[in-house]
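# Architecture and fold: a report
So the chains spell out like this:
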Amino acid sequence: MKLRDIYSTDKTNISFEVFPPKDDFDGAKTDKLLEETEILKQYNPSLISVTYGAGGSNKDKSYNILKSLVERNINIMPHFTCVCSSKEQIDSYLNDLIDLNIENILALRGDEPQNNDICYLDFRYANELVEYLNQKTDFSIAVAGYPEGHVLAPDLKTDIQNLKKKVNAGADVIITQMFFDNDKLYKYIDLLEKENIKKPVIAGILPIISYKQLEKMLTLAKVTLPKKLIEGLDKYKDNKDDIKNFGIDFATEQCQDLIDNKIKGIHIYTLNKSYSAVKILENISYQACI
Ligand code: FAD
């Protein structure tokens, strides 16, 4: 089912993100990931998305996971980045996806290399990739949105103008970066509406599983931590189970509020573990979402 159809109803759709495991020399981590996706599948997600390394660094792993999920009858959405990739490389991978009968794609620029190498080849920004995908394929296209602005954008206003370029190029839905303050999302949606950007905005929710992991992610993103979250992190950061349970409670409140406010979709960043996602779904009025 295409994104534009999934998000055309009034319910709040639930979806999940997974990533190809790193250092998976014997395939055990991928097997474990597929077990986790079997658990997630029982909750009828609208889709499961699979990340893709900038420059195609994990292209084969990402493809193999997509193929396994297709074989398990899961509606999937590959992420796809254009930074450091040529048109020929992009065409070749797109053909692989088309052969898998995939209908949706998350079109991204991807992070630039940290060694200051400029490696724009045929595409510099995601809007150029969206335009290309729209001309060459039938994919329904999602793009990334940043409720507090992209980390490299001078300000939120400019970033929204750049998001508008992606939407005008043919994006059907916007999936956000993680955020922890729902008001930031609601204000963002208001700003998008004022700019006549009327595509569904899907809320990216990260259930915190580990303090260290969160710290690392925060170095790559512009995200405000509300007082309640800072206090909880301070209190529970040294105990693995406590922080996980706190993460579940915090994300549960966030998700319930998003459902109450009729947000079109919640995309849970699972970090390849079903446990927190499942607990959150059990806590919220999830039946309304299926
Ligand atoms: P763009 O939309 O191109 O924006 C990048 C920056 O350039 C922004 O600051 C923007 O304001 C500016 N900009 C955009 N267009 C223009 C223009 N035409 N002219 C001037 N400036 C412009 N990364 C991965 O490597 N793999 C993944 O699988 C992945 N999945 C993600 C999923 C989600 C939901 C999100 C929110 C992010 C994901 N990322 C992923 C991270 C993403 O690749 C980075 O945030 C990247 O730096 C920006 O990608 P983008 O598609 O938003 O780029």
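Up top is the structure these notes are about.
What counts, and at which threshold
- Sequence order as written defines residue numbering, which begins from 1 separately in each chain.
- For a predicted model such as this one, the threshold for reporting local features is a pLDDT of at least 70, and the threshold for listing and counting side-chain atom pairs is 80 or more; totals across whole chains, interfaces and linings nevertheless cover every residue.
- The side-chain numbers reported here are obtained from all heavy atoms of the structure, hydrogens and water having been left aside.
- Paired strands, in this sense, are two strands between which DSSP finds at least two bridges.
- Strands here are runs of E lasting at least two residues and helices are runs of H or I lasting at least four, both read from the DSSP assignment and numbered beginning at the N terminus.
- Axis angles are defined between N-to-C directions and span 0 to 180 degrees, where every axis is a line fitted to C-alpha atoms and, for a helix, only to the segment in contact.
- In this scheme Phe, Tyr and Trp rings, the latter by its six-membered ring, pair at centre separations within 6.5 Å, and the angle between planes marks the pair as stacked below 30 degrees, edge-to-face above 60, and tilted otherwise.
- Throughout this description, buried means an accessible area under 20% of the type-specific maximum (1.4 Å probe, protein chains only), exposed means over 50%, and partly exposed covers the range between.
- A pair is scored as a salt bridge if a Lys or Arg side-chain nitrogen falls within 4 Å of a carboxyl oxygen belonging to Asp or Glu.
- Roughly parallel refers to an angle under 35 degrees, roughly antiparallel to one over 145, roughly perpendicular to one between 65 and 115, and oblique to any angle outside these ranges.
- We call two residues contacting when some pair of their heavy atoms lies within 4.5 Å.
- Gly counts as polar in this scheme, as do all residues outside two lists: the nonpolar Ala, Val, Leu, Ile, Met, Phe, Trp, Tyr, Cys and Pro, and the charged Asp, Glu, Lys and Arg.
- A single heavy atom is enough: if one lies within 4 Å of a molecule or strand, its residue is considered near that molecule or strand.
- Polar contact criterion, stated in full: a pair of N or O atoms within 3.5 Å, where within protein one must be able to donate a hydrogen and the other to accept it, and residues adjacent in sequence count only if both atoms are side-chain atoms.
- Only the protein chains shown count as cover for residues, with accessible areas throughout obtained via the Shrake-Rupley method and a probe of 1.4 Å.
- Each residue after the first adds 1.5 Å to the expected span of a helix.
- In this description, one arc is meant: the one made by directions from the helix axis to the C-beta atoms.

For the rest of this paragraph, the subject is the sheet that holds strand β3 (residues 76-81). Judged by pairing direction, the barrel is parallel, and its eight strands sit side by side in the order β1-β2-β3-β4-β5-β6-β7-β8 before closing back on the first. Strand-to-strand twist across the sheet, computed as the mean angle between neighbouring axes with direction ignored, equals 25°. The sheet contact formed by strand β6 (residues 173-178) and strand β7 (residues 201-205) spans three bridges and is parallel. Bridge assignment links M178 to a residue of β7, and that residue is G204.

If you walk through the whole model with that rule in mind, you get eight aromatic pairs. Ring geometry for F80 versus Y93: centroids 5.6 Å apart, planes at 5°, classification stacked. Taken together, the positions of F80 in strand β3 and Y93 in helix α4 (residues 87-99) put the pair 13 residues apart, joining distant regions of the chain. A relative accessible area of 1% means that F80 is categorised as buried. Residue classification places Y93 among the buried residues on the basis of a relative accessible area of 2%.

All told, the structure shown has 11 salt bridges when counted by the stated rule. The residue D172 makes a salt bridge to R4 at a minimum N-O spacing of 3.3 Å. Taken together, the residues D172 in the loop between α6 (156-168) and β6 and R4 in helix α1 (residues 3-6) connect sequence positions 168 residues apart. Exposure remark for R4: the relative accessible area of 40% places this residue in the partly exposed category. For R72, the salt bridge identified is with E38, shortest N-O distance 3.2 Å. One end of the pair, R72, is in the loop between α3 (59-71) and β3; the other, E38, is in helix α2 (residues 28-41), with 34 residues separating them in the sequence. Overall, E38 belongs to the partly exposed group, its relative accessible area being 32%.

Here we take up the packing of α3 against α4. Put simply, α3 and α4 touch, their axes get as near as 11 Å, and they point 10° apart. With respect to α4, the element α3 is oriented roughly parallel. Only Y93, D96 and L97 of α4 make contact with α3, whose side of the interface consists of K59, S62, Y63 and L66. Taken together, the residues of the contact of α3 with α4 break down into four nonpolar, one polar and two charged.

All right, on to the site of the ligand then. Around the ligand, the surrounding shell holds 26 residues, and the nearest of these are Y52, D111, Y146, D159 and K166. In the environment of the ligand, an oxygen atom lies 2.8 Å from a nitrogen or oxygen atom belonging to the backbone of R109. Here a nitrogen atom of the ligand and a side-chain polar atom of N127 are 3.2 Å apart. Calculation on the ligand without its partners gives an accessible area of 970 Å², and the protein chains cover 86% of this total. Those elements giving two or more residues to the shell around the ligand turn out to be β3, β4 (104-108), α5 (126-136), α6 and β6. If one sorts the elements of the shell around the ligand by residue count, α6 sits on top with four residues. Of the residues in the shell around the ligand, the class split is 12 nonpolar, nine polar and five charged.

Here α6 spans 18 Å end to end across 13 residues, near enough to the 18 Å set by a 1.5 Å rise per residue. Listed in full, the buried residues belonging to α6 are D159, I160, L163, K166 and V167. Here the buried residues of α6 occupy an arc of 105° about the axis, which is enough to place them on one side. Exposed residues on α6 whose side chains face more than 90 degrees from its buried face are K157 and N168. Buried residues along α6 sit against α5, β5 (140-145), β6 and α7 (182-194). Among the residues of α6, the N-terminal cap falls to D155, whose side-chain oxygen and the backbone nitrogen of K157 are separated by 3.3 Å.

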